[in-house]
Amino acid sequence: MVDATLAARLPLAADDGVESPARRALRRLVRRRGAMVGLVVLVTFVLLALAAPWVTPYDPIAQSWLTVRKAPSALHWFGTDEVGRDVLTRVVFGARASLMAGVISIAIALTVGVPLGLVAGYLGGFLDALISRLTDAMLACPFLILAIALAAFLGPSLGNAMIAIGITATPIFVRLTRGQVMAVKVEDYVEAARAVGNPRWRIALVHILPNILPALLVQATLSIAAAIIAEAALSFLGLGQQPPAPSWGSMLNAAQRFLVNAPWMAVWPGLAIFVTVLSFNLLGDGLRDALDPRER
Amino acid sequence: MLTFLGNRLLQLIPTLFFVSVIIFSLQQLLPGDPATIMAGEERDPAVIEQIRRQYRLDQPIPIQYFYWVKGVLTGDLGESMRIKKPVRELILEKLPVTMQLAAMAIVIALTIGVSAGIVSAVKKGTLWDYAANVFALWGLSTPNFWLGIMMIFLFSVELGWLPASGYVPLTEDWRQSLASTIMPAFVLGNAIAAVLMRHTRSAMLQALGSDYVRTARAKGLFERSVVLKHAMRNALTPVITLGALELGTLLSGAVLTEQIFTIPGFGKLIVDAVFNRDYAVVQGVVLVTATIYIALNLIADVAYVLVNPRLRS
């Protein structure tokens, strides 16, 4: 509903010849080379993750004692691991866990954080004070330490790691939404919507939310990068994806024990995390610049 | 100033209350009977019953919370189920190790981050600026546990310059101590250096465009003096206070770094506690970390007001 409203409010092609904000943002984004490189890399990773079974001929889980810790070769481009599995295959399949964890955990954070921020910013009063103090308290616990504690109490699994990261990332979105709502709610168009008798929920959802979406979009993109690192960290510690299922973090954990004899086991999964996170950061930076109304 | 400090301290009360609620609630997330889970492989009903009584798990949750907070306020963070030692003692034992690592990481982060930020702002639009921005992006995108592994491979396995793991206390042998902590400190400081670089660049650009810098230049001062004496002094105030807030990142990073380099600090304590299902230790570490973070936030706020005459008045 919100997307439809936004599209209606910000038509891509304005009839009167004036460039719409959405088209202007898109034009500025396309001009940013870093953001475009990030986007292309991310789309490639998503496609590779989706087409993983067809991209590589090997099974990501099946072990082969004949190919234990083989160095990179024409047969195994990234080498093999301690139980003879193809590293490239596991990196490609591992992209599924990492990208899914990044997107789902931030979707959880958005689903919980945005409504809470809307309520706090728009209604104010006791609810605002309560939500804000709770947010302060959560922000006081360092991100990864709280995520580790939550994952430890929930139990080790990829699903629980995503919940833990999602909950830990929520206060950022509460605070951002609240601040944006407080800035927007005093604008004339919101006053006008109130004057014509719109109910409060409608003003918040139809008039305020679409106008704070750009800031949320930028933060969400940058937060996915942080969430991917957090998932890899939890899997590295054994609290995320459980073996033998592939994940970049758990691959690094195994690689650490074979650094002397098989360094390639550590290079590729780490590089995959680095490139993905870098791409999200480049895209996030580009989106921030493209959506900044001060940049004309 | 006193009013500001009083208000700021008053604001901390509800924050600390909610922090305690969050940390206490962690225990409620345990699936099934917490006493049975806390007992681990010990299936003796007498032991489970003893745990239930010891942690007051047979009482209503608000009563459990009351006794937990009462204990925390008197410095009793519970007892480690595995090591059979008070959690407070364990934390006090490990904290100095992490503090040494954190202090070294901050020095590295300030040296690299602030220098790169100044150069980037002064040489805006040049190759230097581009290189500094690439460095910042690299620092923000590199997972520190991967960087740690790669540094071990290069400096310990390949070159043999530094020890791959272990820790030597400063009081025992300062050279060995520095050798055992320099790599983990760099890994920890790297991400913070990137953040500090961005803050410094932005603050320096603002300072370099201000009237007092224009006046300094108009007086005919050397550019070095304008940058270092006039612009940098003013630009660094927000950078240092913002840098203090990065200590949360540092404490988070320490968990992984200490794990990779087998350093017996605060971070390794929480990871070991997680795998030993030593939940009192996990809660204790999160509580102490949050308290340190809140205290640093307060110090950063006060320092900001103290060094800024406009806010002081």
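Worth saying up front: this structure is predicted, and the values here are computed from it rather than measured. (Residues numbered from 1 in each chain as written. Chains lettered and ligands numbered in written order. Predicted model: local features only at pLDDT ≥ 70, side-chain atom pairs only at ≥ 80, totals over all residues.)

1. Details of the overall build of chain A
Move 1: A tally of helices and strands in chain A yields 12 helices and zero strands.
Move 2: The order of helices and strands in chain A, counted from the N terminus, is α-α-α-α-α-α-α-α-α-α-α-α.
Move 3: Along the longest, intermediate and shortest principal axes, the C-alpha atoms of chain A span 75 × 50 × 25 Å.
Move 4: Counting only residues that meet the buried cut, chain A has 48% of its 296 residues in that class. (Helix = DSSP H or I, 4+ residues; strand = E, 2+ residues; numbered from the N terminus. Buried ≥ 20, exposed ≤ 12 C-beta atoms within 10 Å, placed from the backbone.)

2. What to know about the overall build of chain B
Move 1: Helices and strands together make up the secondary structure of chain B, namely 14 helices and zero strands.
Move 2: The C-alpha extent of chain B, read off along each of the three principal axes, is 85 × 60 × 35 Å.
Move 3: For chain B, the proportion of its 313 residues judged to be buried stands at 40%.
Move 4: Looking at chain B alone, contacts between residues at least 24 apart form 69% of all its contacts between residues at least 6 apart. (Contact = placed C-beta atoms within 7 Å.)

3. Considerations on the nonpolar core
Soluble globular proteins tend to bury their nonpolar side chains together.
Residue and element names in this part refer to chain A.
Move 1: Ala 147 and Ile 148 are the most contacted members of the largest nonpolar core, which has 169 residues in total.
Move 2: For this core, the element with the most residues is helix H10 (residues 200–236), which contributes 18 residues.
Move 3: Other than its neighbours up to four places away in sequence, Ala 147 contacts Ala 164, Ile 165, Thr 168, Ala 230 and Leu 234. (Core = buried A, V, L, I, M, F, W, Y, C linked by C-beta atoms within 7 Å.)

4. What to know about the interface of chain A and chain B
Move 1: The interface of chain A with chain B comprises 38 residues on the first partner and 37 residues on the second.
Move 2: Secondary-structure elements contributing two or more residues to the side of chain A that touches chain B are helix H6 (125–140), helix H7 (143–154), H10, helix H11 (248–256) and helix H12 (264–291) of chain A.
Move 3: The biggest single contributor to the side of chain A that touches chain B is H7 of chain A, with 10 residues.
Move 4: Looking at the side of chain A that touches chain B, its residues break down into 32 nonpolar, four polar and two charged. (Nonpolar A, V, L, I, M, F, W, Y, C, P; charged D, E, K, R; others polar.)

5. Section: the packing of helix H12 (residues 266–275) of chain B against helix H13 (residues 279–307) of chain B
All names here are of chain B.
Move 1: Taken N-terminus to C-terminus, the directions of H12 and H13 make an angle of 150°; their axes are 8 Å apart at the nearest point. Handedness of the crossing formed by H12 with H13: left-handed. Here H12 contributes Phe 266, Leu 269, Ile 270, Ala 273 and Val 274 to the contact with H13, which in turn contributes Val 281, Val 282 and Val 285.
Move 2: Partitioned by chemical class, the residues of the contact of H12 with H13 number eight nonpolar, no polar and no charged. (Axes fitted to C-alpha atoms, helices over the stretch in contact; angles between N-to-C directions. Left-handed = near helix turned anticlockwise from the far one by under 90°.)

6. Details of helix H11 (residues 247–260) of chain B
Side chains that are three or four residues apart share a direction in an α-helix, a result of its 3.6 residues per turn.
All names here are of chain B.
Move 1: The end-to-end C-alpha distance of H11, which contains 14 residues, comes to 20 Å, matching closely the 20 Å that a straight helix rising 1.5 Å per residue would cover.
Move 2: Along its length, H11 shows its largest kink, about 30°, at Ala 254.
Move 3: Judged by how many residues are buried, H11 sits mostly within the fold: 13 of 14 residues are covered.
Move 4: Looking one or two residues beyond H11, the residue adopting positive phi is Thr 262, at roughly 45°. (Expected span 1.5 Å × (residues − 1). Bend = angle between axes of the 7 residues up to and from the residue.)

7. Description of the packing of helix H8 (residues 174–208) of chain B against H11 of chain B
Residues and elements named next belong to chain B.
Move 1: At their nearest, the axes of H8 and H11 sit 10 Å apart, and the two run at 140° to each other. On the basis of the axis angle, H8 is oblique to H11. Considering only the axes of H8 and H11, their crossing is right-handed. Taking contact as the criterion, the partners of Pro 184, Val 187, Leu 188, Ala 191 and Ile 192 in H8 are, on H11, Thr 249, Leu 250, Gly 253, Ala 254 and Thr 257.
Move 2: Partitioning the contact of H8 with H11 into residue classes produces seven nonpolar, three polar and no charged. (Parallel < 35°, antiparallel > 145°, perpendicular 65-115°, else oblique.)

8. Examining H8 of chain B
Residue and element names in this part refer to chain B.
Move 1: Compared with the 51 Å implied by 1.5 Å per residue over 35 residues, the 41 Å span of H8 between its first and last C-alpha is markedly short.
Move 2: Along its length, H8 shows its largest kink, about 40°, at Thr 181, and proline Pro 184 lies within four residues downstream of that point.
Move 3: When you tally the buried positions in H8, you get 25 out of 35 residues, the bulk of the element.

9. With respect to the confidence of the model for chain A
Move 1: Here chain A shows a mean pLDDT of 89. Residues at 70 or above account for 93%.
Move 2: Here residues 1–14 of chain A is a poorly scored stretch, pLDDT under 50, and it has 17 contacts once near neighbours within four places are set aside; other chains count. (pLDDT = per-residue confidence, 0-100.)

10. Structural notes on the environment of Val 47 of chain B
Residues and elements named next belong to chain B.
Move 1: Following the sequence through the fold, Val 47 ends up in helix H3 (residues 45–54).
Move 2: Classification of Val 47 as partly exposed rests on a count of 15 C-beta atoms within 10 Å.
Move 3: In sequence terms Val 47 and Ala 35 are 12 residues apart; their C-alpha atoms lie 9.0 Å from each other.

11. Here we look at the confidence of the model for chain B
Residue and element names in this part refer to chain B.
Move 1: Of all residues in chain B, 98% attain a pLDDT of 70 or more, and the chain-wide mean is 87.
Move 2: The lowest-confidence element of chain B is helix H14 (residues 309–312), averaging 65 in pLDDT; the highest-confidence one is helix H7 (residues 144–158), averaging 94.
Move 3: For this predicted complex, the interface confidence score (ipTM) comes to 0.85, while the overall pTM stands at 0.87.

12. Some thoughts on unusual backbone geometry
Of all residues except glycine, most have a negative phi; of all peptide bonds, most are trans.
Move 1: In this model, Pro 243 of chain A is joined to Pro 244 of chain A through a cis peptide bond whose omega is 10°.
Move 2: Examined against the element boundaries, Pro 244 of chain A turns out to sit in the loop between H10 and H11.
Move 3: Within the chain, Thr 262 of chain B stands out as a residue other than glycine whose phi angle is a positive 45°.
Move 4: With respect to the element layout, Thr 262 of chain B can be found in the loop between H11 and H12.

13. Some remarks on the environment of Val 37 of chain A
Residue and element names in this part refer to chain A.
Move 1: Checked against the element boundaries, Val 37 lands in helix H3 (residues 33–50).
Move 2: You can call Val 37 partly exposed: it has 15 C-beta atoms within 10 Å.
Move 3: Taking the C-alpha atoms as reference, Val 37 lies 7.3 Å from Ser 279; in sequence the two are 242 residues apart.

14. Overview of the environment of Gly 102 of chain A
All names here are of chain A.
Move 1: Following the sequence through the fold, Gly 102 ends up in helix H5 (residues 87–123).
Move 2: On the basis of neighbour count, Gly 102 is assigned to the buried category, with 25 C-beta atoms found within 10 Å.
Move 3: Excluding residues within four positions of it along the chain, Gly 102 makes contact with Ile 224, Ala 227, Ile 228 and Glu 231.

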